[in-house]
Amino acid sequence: MKRKWSFFSVFNYTFLALIGFSMIYPFIYILAYSLNDGKDSMMGAIYFLPRKFTLENYAQVFDNARIWKAYQITLMRTVLGTFLHVVLCTLMAYALSKKTLPGRSFFTFYIFLPTIFSAGFIPFFITLQKLHLINTFWVYVLPMLFNFMHIVIIRTFLQGIPEELEESARIDGYGDFQIFARIILPLSGPVLATISLFIGVAHWNDWFSGAYYVSNKDLIPVQTLLQEMLTEAEALSNSMQRAAQQGGQTVGGTSGAGATPESLRMALLVITVFPILCIYPFLQRYFVKGVMIGSVKG
């Protein structure tokens, strides 16, 4: 059958294509800039493809021991934090999905209340300090173990599982933990993948915790390191511009012949975003399904 193209269809596809291009172009620009010679990029006119291709920017980034350590911290906190978050939120959601749970309304209100009222940054910092979490790895993991909205999404999904499955399992002699492990978890793959994506991206993109709760340079994640490099690169770039305007010598800040603070920043940004871009397409359908699950209240 031939597709009939109406004016609205042409306008709709064109408009959506432009919106999509406007979202993907910044990544194309950053990738092209990171693969171009840094000093050559300072002349501008880098739009889609590198003008003077080089891997010197990535070579210098990977040669930095701090970046490898920061990547290790980020990977550890993302994997461990995502696993513990999904396990604890799923257990809580499974319990709250049971109408026979004593004090069900109280527990729901108890975990919902902090989402409305927050004590603020200073009391939270003091709490972390009293728990001896400041300047430790666990300051990345423990404060993000629970999330009320994630619990609601999982609970809503679990409430859609037929109760007859659990009743038949109890007839076969299964206990609550066996039902949860052998029946509930295998059926909860989509919602668990959705929550894993939510919290995994949150862990991976978090720079705030490393900037304010950790002073040990060996414990900062890659996003915090990127933020520090952005600040340093901006300061160095301003110094170079002032020196050039005054007719003096430029301030050297990199060891490579063609690398500049800006090109190194672009290379590190690509390396930081790349893992999420590789994982997200495979979990996108679960992401959409998770949003739909959270929008249905029952």
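Criteria and thresholds
Residues numbered from 1 in each chain as written. Predicted model: local features only at pLDDT ≥ 70, side-chain atom pairs only at ≥ 80, totals over all residues. Heavy atoms only, no water. UniProt positions renumbered as here; feature names shortened; annotations may be inferred. Helix = DSSP H or I, 4+ residues; strand = E, 2+ residues; numbered from the N terminus. Core = buried A, V, L, I, M, F, W, Y, C linked by side-chain atoms within 4.5 Å. Buried < 20%, exposed > 50% of the residue type's maximum accessible area, 1.4 Å probe, protein only. Contact = heavy atoms within 4.5 Å. Phe/Tyr/Trp six-rings, centres within 6.5 Å; stacked < 30°, edge-to-face > 60°.

1. Description of the UniProt feature "transmembrane region" (unreviewed entry) in the chain
- The positions that UniProt labels "transmembrane region" (unreviewed entry) are, in the present scheme, residues 12-33, 75-95, 107-126, 138-158, 179-204 and 264-283.
- Annotated as 52% helix and 0% strand, the span residues 138-158 places its first and last C-alpha atoms 30 Å apart.

2. Section: the nonpolar core
- Residues V61, V139, Y140 and L268 are the most contacted members of the largest nonpolar core, which totals 31 residues.
- Elements with a contribution of two residues or more to this core: α1 (7-34), α3 (56-62), α4 (65-96), α12 (222-245) and α13 (261-295).
- If one sorts the elements of this core by residue count, α13 sits on top with six residues.
- Sequence-distant contacts of L268, defined by excluding residues within four places in its chain, comprise V61, I67, V222, L226 and M229.

3. Details of unusual backbone geometry
- The residue H132 is not glycine, and still its phi comes out positive at about 60°.
- Given the relative accessible area of 66%, H132 is considered exposed.
- Phi is positive for N135, which is not a glycine, with a value near 65°.
- With respect to the helices and strands, the residue N135 is situated in the loop between α6 (121-130) and α7 (148-159).
- The class of N135 is partly exposed, set by a relative accessible area of 29%.

4. Brief notes about the packing of aromatic side chains
- Going through the model one piece at a time under the given rule, you end up with 24 aromatic pairs.
- Arranged with centres 5.8 Å apart and planes meeting at 65°, the rings of Y71 and W204 form a pair that is edge-to-face. With Y71 in helix α4 and W204 in helix α10 (residues 189-205), the pair connects residues that are 133 residues apart, well separated along the chain.
- On the basis of an interplanar angle of 35° and a centroid distance of 6.2 Å, the ring pair of F121 and F125 is categorised as tilted. In this pair, F121 and F125 both sit in helix α6, four residues apart, roughly one turn of the helix.
- The structure contains a cluster of three or more aromatic residues connected by ring pairs, namely F121, F124, F125, W207, F208, Y212 and Y213.

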